[in-house]
Amino acid sequence: MSNLYLLAILPPKELAEQIHEIRLECSEKFSVQKALKPPVHITLYRIFRTKDTFEKQLIRLLHQGTRNLPSFEQTLENFDAFNMQVVFIRALKNEGIINLHRGISAVFKKYQIDPQEIKSNSAFQPHITIAYRDVLPDIFPAIWREYKDRKFK
């Protein structure tokens, strides 16, 4: 049997609640719900599927590949968008999150955990999603007008 896995940073509870309120506001105002399903998070590695019997080994390998990385503070700042479908809060790139992402990607590549691993580290754009997947092309401009100049820190 296989399960879906997501490697992500979960913000502190109070911050996650604040961001979830923004997601709810967007959902109610623009009738988009998909972003409400997962917890508030910064994705470090895309969702992937692997055998559930591999989970303990995966955790061990990821720990080995990232344990020497120093802790870091992650700054979130304002809103951005891509693909005329996704609105998000920017997680500013810093050495800490870049190295964590690289460490995780290196483990996946070295142990061939994800055969679909083709993304480069330069494509990594850390963020917290506010709206995606069910944002229709005719709705996106209105959502973007709502958030493009809004400040968040």
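Shown above is the structure to which this text applies.
Residues numbered from 1 in each chain as written. Predicted model: local features only at pLDDT ≥ 70, side-chain atom pairs only at ≥ 80, totals over all residues. Heavy atoms only, no water.

Looking at this structure, I do not really get the overall build of the protein. What am I missing?
Along the backbone of the protein there are 4 helices and 5 strands. When its helices and strands are written in sequence order, the protein yields β-α-β-α-β-β-α-β-α. Its C-alpha atoms give the protein a radius of gyration of 17 Å, near enough to 15 Å, the size a compact globule of 153 residues would have. In terms of its C-alpha atoms, the protein occupies a principal-axis envelope of roughly 45 × 35 × 30 Å. Taking all 153 residues of the protein together, the buried fraction comes to 37%. In the protein, the proportion of contacts linking residues at least 24 apart, taken out of those at least 6 apart, comes to 80%. Summing over all exposed atoms, the protein offers an accessible surface of approximately 9,700 Å²; the carbon and sulfur share of this is 52%. Separation between the mean location of the 23 positive side-chain charges and that of the 17 negative ones in the protein comes to 7 Å. (Helix = DSSP H or I, 4+ residues; strand = E, 2+ residues; numbered from the N terminus. Rg over C-alpha atoms; globule rule 2.2 N^0.38 Å. Buried < 20%, exposed > 50% of the residue type's maximum accessible area, 1.4 Å probe, protein only. Contact = heavy atoms within 4.5 Å. Areas by Shrake-Rupley, 256 points an atom, 1.4 Å probe, with all protein chains shown as cover. Lys, Arg positive; Asp, Glu negative; His and termini not counted. Charge placed at Lys NZ, Arg CZ, Asp CG, Glu CD.)

What exactly am I supposed to notice about helix α1 (residues 13–30) here?
Spacing of three or four residues puts side chains on the same side of an α-helix, whose turn is 3.6 residues. In this model α1 runs 25 Å from its N-terminal to its C-terminal C-alpha over 18 residues, within 8% of the 26 Å that 1.5 Å per residue would give. Residues Ala 16, Ile 19, Ile 22, Arg 23, Cys 26, Ser 27 and Phe 30 constitute the buried set of α1. Down the axis of α1, the sector holding all buried residues measures 140°, keeping them to one side. Of the residues in α1, the exposed ones pointing more than 90 degrees away from the buried face are Lys 13, Glu 14, Glu 21, Glu 28 and Lys 29. The elements touched by buried residues of α1 are β3 (76–82), β4 (86–91), β5 (127–131) and α4 (140–147). Ser 31 lies just past α1 and shows a positive phi near 55°. (Expected span 1.5 Å × (residues − 1). Arc of directions from axis to C-beta.)

Explanation requested: the packing of helix α2 (residues 55–66) against helix α3 (residues 95–110) in the structure shown.
For any two helices packed against each other, one specifies the crossing angle of their axes together with the interaxial distance. Their axes nearest at 9 Å, the elements α2 and α3 cross at an angle of 130°. By the criterion of interaxial angle, the relationship of α2 to α3 is oblique. Two packed elements cross with a definite hand, and for α2 against α3 that hand is right-handed. On α3, the residues touching Leu 58, Leu 61, Leu 62, Gly 65 and Thr 66 of α2 are Leu 100, Gly 103, Ile 104, Val 107 and Phe 108. Looking at the contact of α2 with α3 residue by residue, the class counts come to 7 nonpolar, 3 polar and no charged. (Axes fitted to C-alpha atoms, helices over the stretch in contact; angles between N-to-C directions. Parallel < 35°, antiparallel > 145°, perpendicular 65-115°, else oblique. Left-handed = near helix turned anticlockwise from the far one by under 90°. Nonpolar A, V, L, I, M, F, W, Y, C, P; charged D, E, K, R; others polar.)

Can you walk me through the environment of Leu 92 in this structure?
Note that Leu 92 resides in the loop between β4 and α3. Considered as a pair, Leu 92 and Glu 146 are 54 residues apart in the sequence and their alpha carbons are 21 Å apart.

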